Amino acid sequence: MRVPILAGNWKMNKLPGEAVEFTRALRPLVLRYPNVETVVCPPFVDLPGVADALAGVKVGVGAQNCHWADSGAYTGEVSAPMLVGLADYVIVGHSERRQYFGETDEIVNKKVKAVLASKLRPILCVGEDLAQNEAGVTDTLVSGQLRAAFDGISAAQAREVVVAYEPIWAIGTGKTASAAVAERVCGVVVRGALADLYGSTVADAIRIQYGGSANEKNIAELMAMPDIDGALIGGASLKVDAFSEMVKLTAALC
Ligand code: PGA
C-alpha cells in the first residue's frame, strides 16, 4: 500500500516571511487529510522558517536541490548534511536543473547518493522534452535516466526514493499529459525499469509521482490511476486554496 504523496515545488518563489505565512495557512487545511503525505519544497533560505512552522506536525519539508559533496570549495552551494533537520526530502534532477544548470545523469546519480547518505529522501525527477516526445524516444530516455540515477543504489536505499515523472513539455505550460499517457509512463516505463533493477516487490513499494501542470482540475483523474502515487506540483502549489484542494481531492480517493 503506497501512501500518496503531493509535493509542492515552489521553485524560486516566496520570500522567507511569505513562506512562513503561507505555511501557517496551509498547515490546518492539509492536516485534515492524514492519509495523504503533503510536502512543501521552498527555496533554501525559506527552509528554517517553514521547518519551524511545521515542527511536530506531519507535513513534510523538501529542499529543491543540493550538492553531492558534504562540504568544500563550492561557492554558492548547499550540501545534504546542511539540510538535515530542515528537510525530509530533496528534489534531485529537476528538468530545470538539467536544462539551465547543466546537470547530467552522472551528477544526478551523485546527488541521489549524497541525499541518501544523509538519511534524506530524494524526489528524483525524470522526463522527456517535446522533441524527444515527438521523436518517440520517451521510453528509452526515461528508463535510461532511471538506470543512471539508481546506479550503485541498493534495493533498501531505492525504497526511500520517490520518482517524479515530469514530461518537460507539460511543465508550466498548462498542457498536462493525459491521465492515460502519464499512467503508461509511470507504470510501464518507470515501474518497469525499477522492477528490472530491483525486482517487482521493491518496484511496487516505490512511489511514483506525475508532474507537469497538475492542478485541482486534473488531479483526481491522475490520482485515480493505479501507478500514479502522487504529484510534484509547481504553479498550483503556490496557492493555498489550489494546493489544499488537491490534497483534499487526493484524500477522497484513498
Ligand atoms: P508545474 O511545475 O506544476 O508548474 O508544471 C511542475 C514542476 O516543475 O515540478
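To be clear, the structure that these remarks concern was listed above.
The rules behind these values
- Residues numbered from 1 in each chain as written.
- Predicted model: local features only at pLDDT ≥ 70, side-chain atom pairs only at ≥ 80, totals over all residues.
- Heavy atoms only, no water.
- Core = buried A, V, L, I, M, F, W, Y, C linked by side-chain atoms within 4.5 Å.
- Buried < 20%, exposed > 50% of the residue type's maximum accessible area, 1.4 Å probe, protein only.
- Helix = DSSP H or I, 4+ residues; strand = E, 2+ residues; numbered from the N terminus.
- Near = heavy atom within 4 Å.
- Polar contact = N/O pair within 3.5 Å; in protein donor to acceptor, adjacent residues only side chain to side chain.
- 1 Å grid on protein atoms, 1.4 Å probe; cavity = no way out; pocket = protein on both sides within 12 Å on 5 of 7 lines; lining within 4 Å.
- Sits in = over half its atoms within 2 Å of the grid points.
- Nonpolar A, V, L, I, M, F, W, Y, C, P; charged D, E, K, R; others polar.
- Phe/Tyr/Trp six-rings, centres within 6.5 Å; stacked < 30°, edge-to-face > 60°.
- Lys NZ or Arg CZ within 6 Å of the ring centre and 35° of its normal.
- Pairing = 2+ DSSP bridges.
- Right-handed = clockwise from strand over helix to strand, strands pointing away.
- Points joined across faces, edges and corners; volume = space filled by probe spheres on them.
- Axes fitted to C-alpha atoms, helices over the stretch in contact; angles between N-to-C directions.
- Contact = heavy atoms within 4.5 Å.

1. Re the nonpolar core
Of all hydrophobic cores here, the largest spans 69 residues; its most connected members are Leu6 and Phe150. Among the elements that take part in this core, helix α9 (residues 179-198) stands out by supplying 9 residues, more than any other.

2. Side note on the site of the ligand
If you check the shell around the ligand, you find 13 residues, and the closest are Lys11, His94, Glu166, Gly172 and Ser213. Within the backbone of Ser213, an N or O atom sits 2.7 Å from an oxygen atom of the ligand. Contact between the ligand and Gly235: an oxygen atom at 2.8 Å from a main-chain N or O atom of the residue. Among the cavities detected, the one that contains the ligand is the second largest pocket. Among the residues making up the shell around the ligand, the classes are represented as 4 nonpolar, 7 polar and 2 charged.

3. Concerning the packing of aromatic side chains
Enumeration over the complete set of coordinates arrives at 3 aromatic pairs. The side chain of Lys14 reaches across the aromatic face of Trp10, ending 5.6 Å from its centre. In this arrangement the basic side chain of Arg97 is found over the ring face of Phe101, its NZ or CZ atom lying 4.1 Å from the centre.

4. Regarding the pairing of strand β2 (residues 37-41)
Judged by how many residues are buried, β2 sits mostly within the fold: 4 of 5 residues are covered. Relative to β2, strand β1 (residues 5-9) runs parallel, the two being bridged by 5 bridges. Note that in β2 the partner of Ile5 across the bridge is Glu37. Following the chain from β1 across helix α1 (residues 16-31) to the adjacent parallel β2, one finds a crossover that is right-handed. Where β2 lies against strand β3 (residues 60-63), 2 bridges are found, and the strand directions are parallel. The residue of β3 that forms the bridge with Val40 is Val61. Considered for its hand, the β-α-β crossover made up of β2, helix α2 (residues 47-53) and β3 is right-handed.

5. What about the layout of surface pockets?
Size it by volume and the largest pocket reaches roughly 510 Å³. Lys11, Met12, Gln64, Arg97 and Phe101 are the residues nearest the centre of the largest pocket, which is lined by 18 residues in total. At 3 residues, helix α4 (residues 95-100) tops the list of elements feeding residues into the lining of the largest pocket. Grouping the constituent residues of the lining of the largest pocket by class yields 9 nonpolar, 5 polar and 4 charged.

6. Some thoughts on unusual backbone geometry
Phi at Lys11 takes a positive value of approximately 55 degrees, unusual for a residue other than glycine. For Lys11, a relative accessible area of 23% gives the class partly exposed.

7. Comments concerning the sheet that holds β2
In any sheet, the strands associate via hydrogen bonds between backbone groups, in a parallel or an antiparallel arrangement. Pairing is parallel around the closed barrel formed by 8 strands, whose spatial order is β1-β2-β3-β4-β5-β6-β7-β8. When the angles between neighbouring strand axes are averaged without regard to direction, this sheet yields 25 degrees. Judged from the 4 bridges that link them, β1 and strand β8 (residues 230-233) form a sheet pairing that is parallel. Along β8, the bridge assignment pairs Gly8 with Ile233. Seen against the sheet, helix α7 (residues 138-149) touches β5 (121-126) and β6 (162-165) and runs at an angle of roughly 155 degrees to β5.

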